[in-house]
Amino acid sequence: MNDAFKALSDPTRRQILQMLREQDLSAGQIADQFNISKPSISHHLNLLKQAKLVTEERQGQNRVYSLNMTVVQEAMGWFLGMLGTKGE
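Residues numbered from 1 in each chain as written. Predicted model: local features only at pLDDT ≥ 70, side-chain atom pairs only at ≥ 80, totals over all residues. Heavy atoms only, no water.

**Q** Hey, could you run me through the pattern of salt bridges in this one?
**A** A pair can form between side chains of opposite charge whenever their charged atoms are brought close. With the rule as written, the count across this model stands at 2 salt bridges. The partner of E56 in a salt bridge is K49, with the nearest N and O atoms 3.1 Å apart. On the basis of relative accessible area, E56 is assigned to the partly exposed category, the value being 29%. Residue K49 is classed as partly exposed on the basis of its relative accessible area, which comes to 27%. With its nearest N and O atoms 3.2 Å apart, the salt bridge here joins E56 to R63. Overlapping salt bridges, with partners in common, bring together K49, E56 and R63 in one network. (Salt bridge = Lys/Arg side-chain N within 4 Å of Asp/Glu carboxyl O. Buried < 20%, exposed > 50% of the residue type's maximum accessible area, 1.4 Å probe, protein only.)

As structure tokens, this is what we get:
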């Protein structure tokens, strides 16, 4: 869970997750939306993958990324649970 929160701490990675919420995207499609280098986007995607927030599937020459809703929901559940116990 700690890896997920570390990954979520970066605004670029949060923006990537928002994009993947809409649809699965290739690394190139994701990179086209940012004004940073492709190796930087690759680094962000690898961190999201390590945190299990996204999954990667090879489709021919492309790597297509999808949002892993199970881990996102677990992280949100933990976070909301922490808010609910405040003051108890």
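Anyway, onward from the coordinates.
**Q** Can you help me understand the nonpolar core in this one?
**A** When a protein is soluble and globular, its nonpolar side chains tend to lie buried together. Counting residues in each nonpolar core, the largest one holds 19 residues, and the members touching the most others are I16, L20, I30, L48 and L53. Elements supplying a minimum of two residues to this core: helix 1 (2–8), helix 2 (11–22), helix 3 (27–31), helix 4 (38–50) and strand 3 (62–67). A per-element tally of this core places helix 2 first, with 4 residues. The residues contacting I30, other than those within four sequence positions of it, are I16, M19, L20, L25, I41, L45 and Y65. (Core = buried A, V, L, I, M, F, W, Y, C linked by side-chain atoms within 4.5 Å. Helix = DSSP H or I, 4+ residues; strand = E, 2+ residues; numbered from the N terminus. Contact = heavy atoms within 4.5 Å.)

**Q** How do you make sense of the sheet that holds strand 2 (residues 54–59) when you look at a structure like this?
**A** Whether parallel or antiparallel, the strands of a sheet pair through hydrogen bonds between backbone atoms. If you walk across this open sheet you meet the 3 strands as 1-3-2, and the pairing is antiparallel. On the outer flanks of this sheet lie strand 1 (25–26) and strand 2, each paired with one strand and no other. Bridging between strand 2 and strand 3 involves 6 bridges; their strand directions are antiparallel. Note that in strand 3 the partner of Q59 across the bridge is N62. The sheet contacts of helix 4 involve strand 2 and strand 3, and relative to strand 2 the element is tilted by about 115 degrees. (Pairing = 2+ DSSP bridges. Axes fitted to C-alpha atoms, helices over the stretch in contact; angles between N-to-C directions.)

**Q** Which parts of the structure should I look at to understand the pairing of strand 3?
**A** Note on strand geometry: in a regular strand, side chains alternate between the two faces of the sheet. Relative to strand 3, strand 1 runs antiparallel, the two sharing 2 bridges. Looking across to strand 3, one finds that L25 is bridged to Y65. Connecting strand 2 to the next strand, strand 3, in antiparallel fashion are 2 residues, including G60 with a positive phi near 65 degrees.

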